[in-house]
Amino acid sequence: MENTTLLQKPEPPNYLRWAILIIASFAMFGNYYIFDSISPVADLLTKELGFSDKNIGTMYSIYSLPNLVMVLVGGIIIDKLGTRISTFVFTLLCVIGAGLTALKGDLYTMAAGRLIFGLGAESMIVAITTVIARYFKGKQLAFAFGVNITIARAGSIAALNSPSWASSLYDGWQGPLLLAFVVALSALVAAGIYWMMDASASRKYSVGESGEQDKVKFSELFSFSKSYWILVFLCLTFYSAIFPFKPFAVKLFMELHGTTREYGGFLLSTLDIAAMILTPVFGLLADYYGKRSWMMTLGSIVLLPVYLLIAYSQIPLIIIMGMMGLAFSMIPAIIWPSVAMIVEEKRLGTAYGVMTMIQATGLTVIPTLIGWVNDSSGGYTAGMWIFSVLGFMGLAFAYWLRRVETGPNGHGLEKGMKTNG
């Protein structure tokens, strides 16, 4: 009887879908701001607190450590409890983590804050990704993901450019991190607003519920298709080649290329500026034309040379970062909505959780590894070679996906609205 009633409800109107998307994305804005708040103060942590590159890398690695398990557990929680409670609780953990990171200039205290932040941050992203899949599956899904990423990336841009617009706070390491705590509180408000909007929408309209799954069989967690697993390992290598670069980038630009902190922050923020503009565009192209695995292959090719160019060339950094930004826009615009195309809706929370869990293995190991290599080698060149190898592995996975999806066992990732007639 309940299922019949659900089917008789109308679909949510477009304005409501987009309003929920925007509010949930503002919660992610705060998440991304907190994540990138460390990079602009990296040199201050070294000067004032005596942190090494390995210490700074560890603060990023420990962020990802709980996600080796938590995002999988979080995905199951989302599937069982729904997105409303999950999003709010995970965002609350982000607030607690941001506050603890800014509390005291001690490596253990700050690392504990980043650990708690990581405990909630990636699971919050999984929850919001599931929200978007529920409201937009079959309705410009890739474009909706693109808009979500655009708003979220604005948080990174704000954090990385904070030495310019919040320069008065940069007389020490603590002021910028206290600002990140305030931004975290605003994200919690957005999560609360989403809760109320989604609860109201679920009463009036037919909205796919992530909690349809009666029980979770752990033996089925790894029973997804070959294309799904290729996407997972492409995600692992791609994000391992991008995010562990960010904590060291501003410091690297200052020491290797002689930039100011303000310009270094701006250069790094061009990744997110490009993502804000281009990710929705690539999402629309994927919705309309398909060719998703081809686009991911192209993005991997663009990323491949950038780190060696940073290490060895005199090409202006703005051009190199533009290349990285192009890849940073193209591949995420395709990866996340592609999962929703090949996994049934009631398992989406778990599918995104497994994907983010495996991604977290790279994000746990690589930042500390890069920091240790930087300290040991007395420079940045060896670390740039590690990132380049990861980029090559990403290209190999993208090519493999194309081979599978153009064969008899494909899931339609190469099809778009135009090719479907």
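Everything numeric in this text was worked out from a predicted model, so none of it was measured.

> Tell me what's going on with the pattern of salt bridges, and back it up with residues and numbers.
Across all of its chains, the model carries 9 salt bridges by this definition. When the shortest N-O distance is used, the salt bridge between Lys246 and Asp36 registers 2.9 Å. In this pair, Lys246 sits in helix α12 (residues 246-256) while Asp36 sits in the loop between α2 (14-35) and α3 (42-49), placing the two residues 210 residues apart along the sequence. A residue is classified by how much of its surface remains accessible, and Lys246, at 0% relative accessible area, is buried. For Arg153, the salt bridge goes to Asp272, with nearest N and O atoms at 3.9 Å. Of this pair, Arg153 sits in helix α8 (residues 141-160) while Asp272 sits in helix α13 (residues 261-289); the two residues are 119 residues apart in sequence, bridging distant segments of the chain.

> Tell me about the packing of aromatic side chains, and name the residues and values.
Two measures describe an aromatic ring pair: the distance that separates the ring centres and the angle between the ring planes. In this structure the tally under the stated criterion is 22 aromatic pairs. Ring centres of Tyr63 and Phe117 lie 5.2 Å apart, and the angle between their planes is 45°; on these two criteria the pair is classed as tilted. Pair noted here: Tyr63 is in helix α4 (residues 53-64) and Phe117 is in helix α7 (residues 107-136), with a separation of 54 residues, a long-range link. Grouping residues by exposure puts Tyr63 and Phe117 together as buried. On the numbers, 6.5 Å between centres and 35° between planes, the contact of Trp229 with Phe233 is tilted. Taken together, the positions of Trp229 and Phe233, both in helix α11 (residues 226-240) and 4 residues apart, correspond to about one turn of that helix. Overall, Phe233 belongs to the partly exposed group, its relative accessible area being 32%. Taken together, Phe35, Tyr60, Tyr63, Phe117, Phe238, Tyr239, Phe243, Phe328 and Trp336 form an aromatic cluster joined through their ring pairs. The ring of Phe136 carries Arg17 above its face, with NZ or CZ at 5.6 Å from the centroid.

> So what's going on with the confidence of the model for the chain? Residues and values would help.
Model confidence for the chain is summarised by a mean pLDDT of 85, while 91% of its residues fall at 70 or above. When pLDDT is averaged over each element of the chain, helix α15 (residues 306-312) comes out on top at 94 and helix α1 (residues 2-8) at the bottom at 49. Throughout residues 210-216 the model reports pLDDT below 50, and contacts reaching past four residues in sequence, or to other chains, amount to 20 contacts.

> Tell me what's going on with the environment of Ile62, and back it up with residues and numbers.
With respect to the secondary-structure elements, Ile62 resides in helix α4. Separated by 52 residues in the primary sequence, Ile62 and Arg114 have C-alpha atoms spaced 6.6 Å apart. In contact with Ile62, not counting residues within four places along its chain, are Ala111, Arg114 and Leu115.

> An account of α11 is requested, with residue identities and associated values reported.
Here α11 contains 15 residues, and its C-alpha end-to-end distance of 21 Å stays within 8% of the 21 Å for a straight helix at 1.5 Å per residue. Counting buried positions along α11 yields 13 of 15 residues, so the element is predominantly enclosed.

> Mind laying out the environment of Leu401, listing which residues take part and the relevant values?
Following the sequence through the fold, Leu401 ends up in helix α18 (residues 381-405). For the pair Leu401 and Ile315, spaced 86 residues apart in sequence, the C-alpha separation works out to 32 Å. Leave out the neighbours within four places in its chain, and Leu401 touches Ser227, Ile230, Leu231, Ser293, Met296 and Leu413.

> Describe the nonpolar core, naming the residues involved and giving the relevant values.
Formed by 124 residues in total, the largest nonpolar core has its most connected members in Tyr228, Phe245, Tyr307, Ile310 and Met324. Broken down by element, the residue count for this core peaks at 15 residues, all from helix α16 (residues 317-342). In this structure, Ile310 is in contact with Phe245, Leu252, Leu256, His257, Leu317, Ile320, Met321, Met324 and Met384, ignoring residues within four places of it in sequence. One finds Tyr33, Ala159, Ala166 and Ala180 within the second-largest nonpolar core, a separate group that totals 7 residues.

Quick notes on the rules
Residues numbered from 1 in each chain as written. Predicted model: local features only at pLDDT ≥ 70, side-chain atom pairs only at ≥ 80, totals over all residues. Heavy atoms only, no water. Salt bridge = Lys/Arg side-chain N within 4 Å of Asp/Glu carboxyl O. Helix = DSSP H or I, 4+ residues; strand = E, 2+ residues; numbered from the N terminus. Buried < 20%, exposed > 50% of the residue type's maximum accessible area, 1.4 Å probe, protein only. Phe/Tyr/Trp six-rings, centres within 6.5 Å; stacked < 30°, edge-to-face > 60°. Lys NZ or Arg CZ within 6 Å of the ring centre and 35° of its normal. pLDDT = per-residue confidence, 0-100. Contact = heavy atoms within 4.5 Å. Expected span 1.5 Å × (residues − 1). Core = buried A, V, L, I, M, F, W, Y, C linked by side-chain atoms within 4.5 Å.

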